[in-house]
Structure formats: structure tokens, C-alpha cells
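Each chain is listed here by its residues.
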Amino acid sequence: MNWKHILHTVRKDLCAQRFHLVLFACLLVLYVALVGLWDDHRPAGVSFFAVLAQLLPIVIMVYALAVAVALIHQDPVAGTSAFWLTRPVRGPSLLIAKAIEVAAVLGLWFLADLLVLVANGAPNHTGYLSFSFATGLLPLALLALAIAAVVPNTSRFLLTIALITVGFVVIA
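Criteria and thresholds
Residues numbered from 1 in each chain as written. Predicted model: local features only at pLDDT ≥ 70, side-chain atom pairs only at ≥ 80, totals over all residues. Heavy atoms only, no water. Salt bridge = Lys/Arg side-chain N within 4 Å of Asp/Glu carboxyl O. Helix = DSSP H or I, 4+ residues; strand = E, 2+ residues; numbered from the N terminus. Buried < 20%, exposed > 50% of the residue type's maximum accessible area, 1.4 Å probe, protein only. Core = buried A, V, L, I, M, F, W, Y, C linked by side-chain atoms within 4.5 Å. Contact = heavy atoms within 4.5 Å. Patch = residues over 30% accessible without salt bridge, like charges linked within 9 Å, V, L, I, M, F, W, Y side chains within 5 Å. Areas by Shrake-Rupley, 256 points an atom, 1.4 Å probe, with all protein chains shown as cover.

J.: Which residues make up the pattern of salt bridges, and what values go with them?
T.: Using the criterion set out here, one finds 3 salt bridges in the structure. Close ionic contact of Lys12 with Asp13 constitutes a salt bridge, the shortest N to O distance being 2.8 Å. A salt bridge links Lys98 to Glu101; its shortest N-O distance comes to 3.9 Å. With Lys98 and Glu101 both in helix α5 (residues 91-119) and 3 residues apart, this pair spans about one turn of that helix. Each member of the pair Lys98 and Glu101 is classed as buried.

What follows is the structure in C-alpha cells.
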């Protein structure tokens, strides 16, 4: 396992997805500013900002998973390309690099939620946040990333997710 190569892979993927990462960071800053800091100064009643404050966590969750899947698909291991036979990348190194990237994306979201809790005066609820993050988002993210690792591109990933969702709706 070569850490120099792992960090090179992380840097390459982050540079390739920099637009999505900057947009994700902007969404997180908007979330912290809108829900965490501006919550007390918001006018009463339903307004654009109230609706945005309710929808923003959902948008962030979907976009975080999309960014994570895009990072995984920077070096797809599934498919019929013979590229992997000649590429000098070892499997464990690539796995560690992708895990670092995904942990960074999900960690930024966790940090934004933590900042919102602290800004709203609830620092003693950080244990609840960790528990809800570990039982809510983390299994969903791991399932999505496992599916992303075995499909060759993003369109097949979306098709697989749609079929799984329809399957769950039909069964339930």
C-alpha cells in the first residue's frame, strides 16, 4: 500500500469533481446560515426561507450521495474495459482513496449539522446527531456506494436505484 499513490488518487478525484464539491460546500454554508444562524431572526409564517429551510437538508442529502457516487465513478472498477489489466493501481489503495473521499464528503455534512445544533443552542444533543447520522444516513450512503461500485457508470446506477425503489414500493 503506497500512501503517496493514495493521496495522488484523492487529489486527482477531488480536482476532477471540484465544481460539484464547491457547489456542495455552498449548499452546506447556506444550510448553516439559513437554519443555524438566521433561524431566530426569521419572520413568522410560511415564507420562501421557511420552505427553503425545510427542503435544504433533503437537497443536501441527495447531492452528497450524488457527489460520493461521482467520486466512486472517477475510477470505475466494473465494466468490460481492459484498462484495469494494465493500470498500476492496486485494489486496496483505490479502496482506501475512495473511502477517504467519501468520508470527507459525509464528514462535511456531519460538521454542518453539528454547527447548526451548536448555533441553535443545543450542544448537548450532539450524541443524538451522531446516532441519527449513523443509523439514518450512513446505511443509506453505504448501500448507495456499494451499488455504485458494481455498476459501470452513473446512468446504470440511477437505473438500479430506480428499480430497487420500485421493488420496495411494490413489495411494501
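That shown, we press on.
J.: If you had to explain the nonpolar core to someone new, which residues and values would you point to?
T.: In this structure, Phe24, Tyr31, Ile60, Val67, Val105, Trp109 and Phe157 are the most contacted members of the largest nonpolar core, which totals 33 residues. When contributions to this core are tallied by element, the ones reaching two or more residues are α2 (18-37), α3 (48-72), α5 and α6 (126-150). Among the elements that line this core, the one with the most residues is α3, at 11 residues. Look past the residues within four positions of Phe157 in its chain and what remains in contact with it is Val69, His73, Ala144, Ile147, Ala148 and Val151.

J.: Now, about a nonpolar patch on the surface: what can you tell me, with residues and values included?
T.: On the surface, a nonpolar cluster with roughly 420 Å² of combined accessible area is contributed by Val51, Leu55, Ile58, Val59 and Val62. Take Val62: it is sitting in helix α3.

J.: Can you break down the side chain of Gln17 residue by residue, with the values?
T.: Positionally, Gln17 belongs in the loop between α1 (3-16) and α2. According to the relative accessible area criterion, Gln17 is buried, its value standing at 10%. Setting aside residues up to four positions removed in sequence, Gln17 forms contacts with Ala70, Leu71 and Gln74.

So far we have only geometry, and geometry alone does not tell us how the molecule works.
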